[in-house]
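So the chains spell out like this:
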There are 2 protein chains.
Amino acid sequence: MKYISSQDTDFKAQLTALQAFETAQDPQVDAAVAAICADVQKRGDAAVIEYTNRFDHTQAQSMADLTLSQADLAAAFARLPADVQSALQTAAKRIESYHQHQKQQSWQYEDENGTLLGQQISALDRVGIYVPGGKAAYPSSVMMNAMPAHVAGVKEIIMVVPMPNGERNDIVLGAAYVAGVTQVFTIGGAQAVAALAYGTESIVQVDKITGPGNAYVAAAKRRVFGVVGIDMVAGPSEILVIADGTTPAKWVAMDLFSQSEHDEIAQAILITTDANYASEVEAQMQTLMKEMPRKAIIEASLANRGAIIQVQNLDEACEIANYLAPEHLELSVANPQEWAPKIRHAGAIFMGQYTSESLGDYCAGPNHVLPTSRTARFASPLGVYDFQKRSSLIQVSAEGAKQLGQIASILAHGEGLTAHACAAELRME
Amino acid sequence: MKYISSQDTDFKAQLTALQAFETAQDPQVDAAVAAICADVQKRGDAAVIEYTNRFDHTQAQSMADLTLSQADLAAAFARLPADVQSALQTAAKRIESYHQHQKQQSWQYEDENGTLLGQQISALDRVGIYVPGGKAAYPSSVMMNAMPAHVAGVKEIIMVVPMPNGERNDIVLGAAYVAGVTQVFTIGGAQAVAALAYGTESIVQVDKITGPGNAYVAAAKRRVFGVVGIDMVAGPSEILVIADGTTPAKWVAMDLFSQSEHDEIAQAILITTDANYASEVEAQMQTLMKEMPRKAIIEASLANRGAIIQVQNLDEACEIANYLAPEHLELSVANPQEWAPKIRHAGAIFMGQYTSESLGDYCAGPNHVLPTSRTARFASPLGVYDFQKRSSLIQVSAEGAKQLGQIASILAHGEGLTAHACAAELRME
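Residues numbered from 1 in each chain as written. Chains lettered and ligands numbered in written order. Predicted model: local features only at pLDDT ≥ 70, side-chain atom pairs only at ≥ 80, totals over all residues. Heavy atoms only, no water.

Looking at this structure, how should I read the overall build of chain A?
Along its length, chain A carries 17 helices and 15 strands. Taken over the C-alpha atoms alone, chain A extends approximately 80 × 60 × 45 Å along its principal axes. For chain A, with 429 residues in total, the buried portion stands at 63%. Restricting to contacts in chain A with at least 6 residues of sequence separation, those with at least 24 account for 73%. (Helix = DSSP H or I, 4+ residues; strand = E, 2+ residues; numbered from the N terminus. Buried < 20%, exposed > 50% of the residue type's maximum accessible area, 1.4 Å probe, protein only. Contact = heavy atoms within 4.5 Å.)

Dropping the structure here:
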């Protein structure tokens, strides 16, 4: 793991190198995705079936072979052990309860001349949820994507999840059942994104697609953006732990592991004011590493992108956090409430020693779909607000038309838009 | 203008043809934009200056020649006629007051086991506003983009506006002054978008870019999406007027013109229950057309994409509106409040006969940057919410760690993520 001190003369450069991640769009991936999207748009189901059979090694004859109903989801749930059923249900309840706080309501008011102004909020009609399959089939992702849509009032939640070699994952399907998913297609990749975006004979066009995926899925989402809404283009997962030394070193070591075990390009960084504590955490990591089934991934991730940053004080730590704008930020300090308001850019802030990131990943309530790769500078966790949209409301009164008409007329003439001006002027007579 | 009746046997096909607009991404534009973006990322100011001199026919020697300070904006404002100054100021005040209603506040609550959950709202640090130049230099666009950022609390609002041949537009710069823009660069096109997204020696990297532009600007925004946030990729402007015949035909005719005068691919559609009224509106259009300075554009737009749709009743009209999901929807009917709740998909709803779209474009208060090309199915008007973002807050109590730890442990093991499970389990001891 890399050691950096904020006192290093090249600290800024080291920090920049640390956050540098190749986000360039691969032209080969782009070209492949463009061809798949165009093909699905043109040939619909037939193209989706072909790509699925080719990439996921399935033998589907028709879309029916790639479709699961709510009854299939209920059956998958019923097959789960009781403790898993109960864990899914409790997590769902907590996630739902948190997301209820995000629901927005329509509002309106009247101004001094009797003109009504407001905003009407409505849910999206139909959304598509992309759930990665294969080695990273996560039931928690299903819930974190579907639940906010459900709370927003979306009527149809269509999920796509590739099932390579036709292997069904009961826990993923059981999570879909608990989260209120309407229908599941066992397809993935760019072909799934294109099918949701353009619609096919069997798949109705959705209004928005959310959920993470590989480079092909990301490129496809970017491509169909505008035809449908998309949430974000997700990068590798990141954790930044700010520790003042009051949390057991073993706990922080495991928190760093829980990020790096995702994949070789995940990033785990520890910032601490205490050099001894840094050594302690590192010693714990060496001990704990032996027990980790995903040891190879953790080691690669820490070697590639991990770091321990030594700082002078917690103010400096917060400044660095704002620069890095991490997906997950643990404020593993004695008084986290004092420091949280200084964090401007982070997807989620985990406060205090008991708040391991993993509790937030599964069941604390907030969403685990979070902005990565410094996009927390401008982006938010996935939420109910992603599945609601707004229409402005304006009802100008007769008196308002006189007052506003004058202003509109002057500005419209200033822009050379005579019809705009006339439309306002006619209502002033 | 095309006549369609909801009773036509091929009505659905006609409607589909009407909304069909070629949104395909032009590979040539994409390639040109990719090259410009890469060049600006690599060579910074030098590249920006070269492209600007080439495309905008300027003779800039350095970025200083393409930079305007707040003093320059104040001077431009001072040169405007008094009535224009006052119109800009009143419009700004109304826009600000409306947008204040959109400001979101942080919230938090404690659950039954003492765990704190919430969401911390913060403003973006720095945003870039793209304002088209040349034939479509709109001061209203400046205000509609800058004002919500200003209300959100964004500290730095950087505006780019191309000034072909170096011609400065005082009303555009005056609007920037009124709207609280921090700094202006007189650059445009893909090079301006790239400069804002990546930063150069003279232009600091922003966190989000908003504002409409041509195909090159749209392609550049799509390309840099992820490095920075973007608002949307705007298509041609549209109006849909639903009229029950109670609004003077002349007013509705002018409202249709005020959309079609934007450009040849703008779309104006009238839906009415009354065939005689449709004829009246058309007769008015023929008369009024003669006085329109932008007659050629209006005629082309109406011929290309205009339509009058005859329906049986207003319920049917609302259904069609929901399918078309128009940018601007006028409910020019006797009782608009009855019908507005039936509209699920529209950028802005203008209610009643006094509410011409043009009043909303300039000064009613709501934003005029609205979702086009059916994106109102999932997108919202530009607003304060586009310049604020959220961080989840979680502080788990000792007791909460025990309860949540069990659930997280079960689900993490289910996903094969042992470190996630261990991080939760350690806190249960």
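Explain the packing of aromatic side chains here, please?
How two aromatic rings sit relative to each other is given by the distance of their centres and the angle of their planes. By the definition in use, this model includes eleven aromatic pairs over all chains. Between Phe225 of chain A and Phe225 of chain B, the aromatic rings sit 5.4 Å apart at their centres with planes inclined by 15°, giving stacked as the arrangement. Separated into two different chains, Phe225 of chain A in the loop between helix H9 (215-224) and strand S9 (229-230) and Phe225 of chain B in the loop between helix H9 (215-224) and strand S9 (229-230) make up a pair that spans both. Judged by centre distance (5.8 Å) and plane angle (50°), the rings of Trp251 of chain B and Tyr354 of chain B are tilted. Highlighted residues: Trp251 of chain B in helix H10 (residues 249-260) and Tyr354 of chain B in the loop between strand S14 (348-351) and helix H15 (357-362), separated in sequence by 103 residues. Here a set of aromatic residues connected by ring pairs shows up, and it is made of Tyr98 of chain A together with Trp107 and Tyr109 of chain B. Lying over the aromatic face of Tyr385 of chain A, Arg390 of chain B brings its terminal NZ or CZ to 3.4 Å of the ring centre. (Phe/Tyr/Trp six-rings, centres within 6.5 Å; stacked < 30°, edge-to-face > 60°. Lys NZ or Arg CZ within 6 Å of the ring centre and 35° of its normal.)

Got a minute to help me understand the side chain of Glu357 of chain A in this structure?
Looking at the secondary structure, you find Glu357 of chain A in helix H15 (residues 357-362). Of the side chains bearing the opposite charge, Arg427 of chain B lies closest to the buried Glu357 of chain A, which forms no salt bridge; the N-O distance is 9.9 Å. Excluding its chain neighbours within four sequence positions, the residues that come into contact with Glu357 of chain A are Ile239, Gln259, His328, Glu330 and Phe350 of chain A. (Lys, Arg positive; Asp, Glu negative; His and termini not counted. Salt bridge = Lys/Arg side-chain N within 4 Å of Asp/Glu carboxyl O.)

I'm lost on the environment of Leu324 of chain A in this one. Help?
Residue and element names in this part refer to chain A. Looking at the element boundaries, Leu324 is found in helix H13 (residues 314-324). Overall, Leu324 belongs to the buried group, its relative accessible area being 8%. Along the sequence, Leu324 and Gly383 sit 59 residues apart, while their C-alpha atoms lie 22 Å from each other.

For this particular structure, what's the right way to read the UniProt feature "binding site: substrate" (unreviewed entry) in chain A?
The residues that UniProt annotates with the feature "binding site: substrate" (unreviewed entry) are Ser237, Gln259, His262, His328, Asp361, Glu415 and His420 of chain A. Annotated residues spanning 184 residues; largest pairwise C-alpha distance 55.8 Å, indicating distribution over more than one region. By secondary structure assignment, the location of Asp361 of chain A is in helix H15. Not counting residues up to four positions away in its chain, the partners in contact with Asp361 of chain A are Ser140, Met144, His328 and His368 of chain A together with His420 of chain B. Residue placement: Glu415 of chain A occurs in the loop between helix H16 (398-414) and helix H17 (418-426). (UniProt positions renumbered as here; feature names shortened; annotations may be inferred.)

What am I meant to see in the sheet that holds strand S2 (residues 67-68) of chain B here?
Two pairing modes exist for strands in a sheet, parallel and antiparallel, and in both the strands are linked by backbone hydrogen bonds. All names here are of chain B. Pairing within the open sheet is mixed, and its six strands lie in the order S2-S7-S6-S5-S8-S9. Each having just a single partner strand, S2 and S9 make up the two edges of the open sheet. When strand S8 (residues 208-210) meets S9, the two strands line up parallel, connected through two bridges. When the sheet's bridge partners are listed, Ile209 is paired in S9 with Ile230. (Pairing = 2+ DSSP bridges.)

What am I meant to see in the packing of helix H6 (residues 139-152) of chain A against helix H7 (residues 170-178) of chain A here?
Any two packed helices are characterised by how steeply their axes cross, that is the angle between the axes, and by the distance between the axes. Residues and elements named next belong to chain A. The geometry of H6 relative to H7 is characterised by a closest axis approach of 8 Å and an angle of 20° between their N-to-C directions. Taken together, the axes of H6 and H7 lie roughly parallel to each other. Handedness of the H6/H7 crossing: right-handed. The residues of H7 that touch H6, namely those facing Pro139, Val142, Met143 and Met147, are Ile171, Val172, Ala175, Ala176 and Val178. Classifying every residue of the contact of H6 with H7 gives nine nonpolar, no polar and no charged. (Axes fitted to C-alpha atoms, helices over the stretch in contact; angles between N-to-C directions. Parallel < 35°, antiparallel > 145°, perpendicular 65-115°, else oblique. Left-handed = near helix turned anticlockwise from the far one by under 90°. Nonpolar A, V, L, I, M, F, W, Y, C, P; charged D, E, K, R; others polar.)

Help me out: how do you make sense of helix H12 (residues 295-305) of chain A in this one?
One turn of the α-helix equals 3.6 residues, which is why residues spaced by three or four share an orientation. All names here are of chain A. Those residues of H12 lying buried are Ile297, Ile298, Ser301, Leu302 and Arg305. The buried side chains of H12 occupy one side of the element, clustering within an arc of 125° when seen end-on. The exposed residues of H12 that point more than 90 degrees off its buried face are Ala296 and Ala303. The elements touched by buried residues of H12 are helix H1 (11-19), helix H10 (249-260), strand S11 (267-272), helix H11 (275-289) and strand S12 (307-310). (Arc of directions from axis to C-beta.)

Which parts of the structure should I look at to understand the pairing of strand S13 (residues 328-332) of chain B?
Moving residue by residue along a regular strand, the side chains alternate between the two faces of the sheet. All names here are of chain B. Counting buried residues along S13, five of its five residues qualify, which places the element largely inside the surrounding structure. Side chains His328, Glu330 and Ser332 of S13 all project onto a buried face; the interleaved residues Leu329 and Leu331 project onto the opposite face, where all are buried too. Pairing of strand S10 (residues 238-243) with S13 involves five bridges; the strand directions are parallel. Counterpart to Ala243 in the pairing with S13 is Ser332. Strand direction decides the pairing type here: S13 and S14, joined by four bridges, are parallel. Bridging from a neighbouring strand, Leu331 pairs with Met351 of S14.

Is there a simple way to explain the sheet that holds strand S1 (residues 2-5) of chain A in this structure?
Taken in spatial order, the nine strands line up as S1(A)-S12(A)-S11(A)-S10(A)-S13(A)-S14(A)-S15(B)-S4(B)-S3(B) in an open sheet, and their pairing is mixed. In this open sheet, the two edge strands, each paired with only one partner strand, are S1 of chain A together with strand S3 (107-110) of chain B. On average, each strand axis in the sheet is inclined to that of its neighbour by 20°, with strand direction left out of account. Against the sheet, helix H5 (residues 82-100) of chain A touches S3, strand S4 (116-123) and strand S15 (388-395) of chain B, its axis set at about 40° to S4 of chain B.

What am I meant to see in the pairing of strand S5 (residues 126-130) of chain A here?
Residue and element names in this part refer to chain A. Counting buried residues in S5 gives five out of five residues, a clear majority hidden from the surface. Burial along S5 is two-sided: the face carrying Arg126, Gly128 and Tyr130 and the face carrying Val127 and Ile129 are both buried. Two elements, S5 and strand S6 (residues 156-160), share five bridges in a ladder whose sense is parallel. When the sheet's bridge partners are listed, Ile129 is paired in S6 with Met159. Of the strand pairs in this sheet, S5 and strand S8 (residues 208-210) are connected by three bridges, and their pairing is parallel. Bridging from a neighbouring strand, Val127 pairs with Lys208 of S8.

Before we go on, may I ask you to explain the UniProt feature "binding site: Zn(2+)" (unreviewed entry) in chain A in this structure?
Residue and element names in this part refer to chain A. The positions UniProt marks with the feature "binding site: Zn(2+)" (unreviewed entry) are Gln259, His262, Asp361 and His420. With the annotated positions falling across 162 residues, the maximum pairwise C-alpha distance of 55.8 Å shows that they are not confined to a single cluster. In this structure, His420 sits in helix H17.

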